[in-house]
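Structural features, examined
Residue-level listing of the chains:
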Amino acid sequence: MSHEEPWSRWRAVVYSLFNRNPMTNRRISFLVPLASSDRALDIGCGPGAAVRAAASLVDKASGVDASPKMTEIARARSAGISNVTFATGTAEALPFDDDSFSVAWSIQSWHHWNDADAGLREAARVLAPGGHLYIIERSTRGAHGLDDERAAQLVDSFGRAGFEGAIATKNGKNHIVSGTTPALSD
């Protein structure tokens, strides 16, 4: 897939109003354990709703999206929130330094990653030791989500990317696959 802008301004605005996973975004603190000291990253943040929802709970909340139009909308909607930042980039080439975050998630956007294994390795790179990654996808047999078999395969992919303790769980209509980056040895 090309990294050209897939969204016209109009399409991005319409998508951000009607297809933004509002319930999942509002429930981010129930789906992902967050602490006040966390530095959080939303991979595939779209218009940034989950980032804004997390901002009042964490030290720093950041979002990254492949679409410059989406990050523009996210920035505009987040104006005035001092601990929120957005960047344009892909899951496979995250524009952040190593060990920048303590928790990261991807809400119903993992299925858009061009190379899931590369995206998982990048998430591991930007997460600090002991950091947590959560992939949250709709429970479905279709291409836009996960079924039990694909969730189990994703657990295996987490292990290949260096995550420990990877598991697949369900929460309502969502599959959640999570894992932890190895902690530093004493």
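Please read all numbers here as calculations on a predicted model, not as lab measurements.

Focus on the overall build of the chain
Helix and strand content of the chain: 7 helices and 7 strands. Ordered by position from the N terminus, the helices and strands of the chain form the series α-α-α-β-α-β-α-β-β-α-β-α-β-β. Here the chain, with 186 residues, has 48% of them falling under the buried criterion. Roughly 9,100 Å² of accessible area belongs to the chain as shown, and the carbon and sulfur atoms make up 51% of that amount.

A look at the sheet that holds strand E4 (residues 101–107)
Pairing in this open sheet of 7 strands is mixed, and the strands run E3-E2-E1-E4-E5-E7-E6 from one edge to the other. What marks the edges here is a single partner per strand, and that holds for strand E3 (84–88) and strand E6 (164–171). Averaged over neighbouring strand pairs, the angle between their axes works out to 15° when direction is ignored. Here strand E2 (residues 60–65) pairs with E3 via 5 bridges, running parallel. Residue pairing across strands places valine 64 opposite alanine 87, the latter belonging to E3. Against the sheet, helix H5 (residues 68–77) touches E2 and E3, its axis set at about 170° to E3. Contacts from helix H7 (residues 148–160) reach strand E5 (127–138), E6 and strand E7 (174–180) within the one sheet, and its direction differs from that of E7 by about 15°.

The rules behind each value
- Every chain is numbered independently, its residues counted from 1 as its sequence is written.
- Per-residue local features of the predicted model are confined to residues with pLDDT of at least 70, and side-chain atom pairs are confined, for both listing and counting, to 80 or more; whole-chain, interface and lining totals are unaffected and use all residues.
- To get the side-chain values, all heavy atoms of the structure are used, and hydrogens and water are removed first.
- Secondary structure follows DSSP: runs of H or I at least 4 residues long count as helices, runs of E at least 2 residues long count as strands, and numbering of each begins at the N terminus.
- Only protein chains enter the accessibility calculation, which uses a 1.4 Å probe; a residue is then buried when its area is under 20% of its type maximum, exposed when over 50%, and partly exposed in between.
- Residue exposure ignores everything except the shown protein chains as possible cover, and the areas themselves are Shrake-Rupley values with a 1.4 Å probe.
- Strand pairing requires that DSSP identify at least two bridges connecting the strands.
- To get an axis, a line is fitted to the C-alpha atoms, and for a helix only the part in contact is used. The angle between two axes follows their N-to-C directions and goes from 0 to 180 degrees.
- Residues are treated as being in contact if the distance between any of their heavy atoms lies within 4.5 Å.

In short, the description is geometric, and any link to function would need to be established separately.
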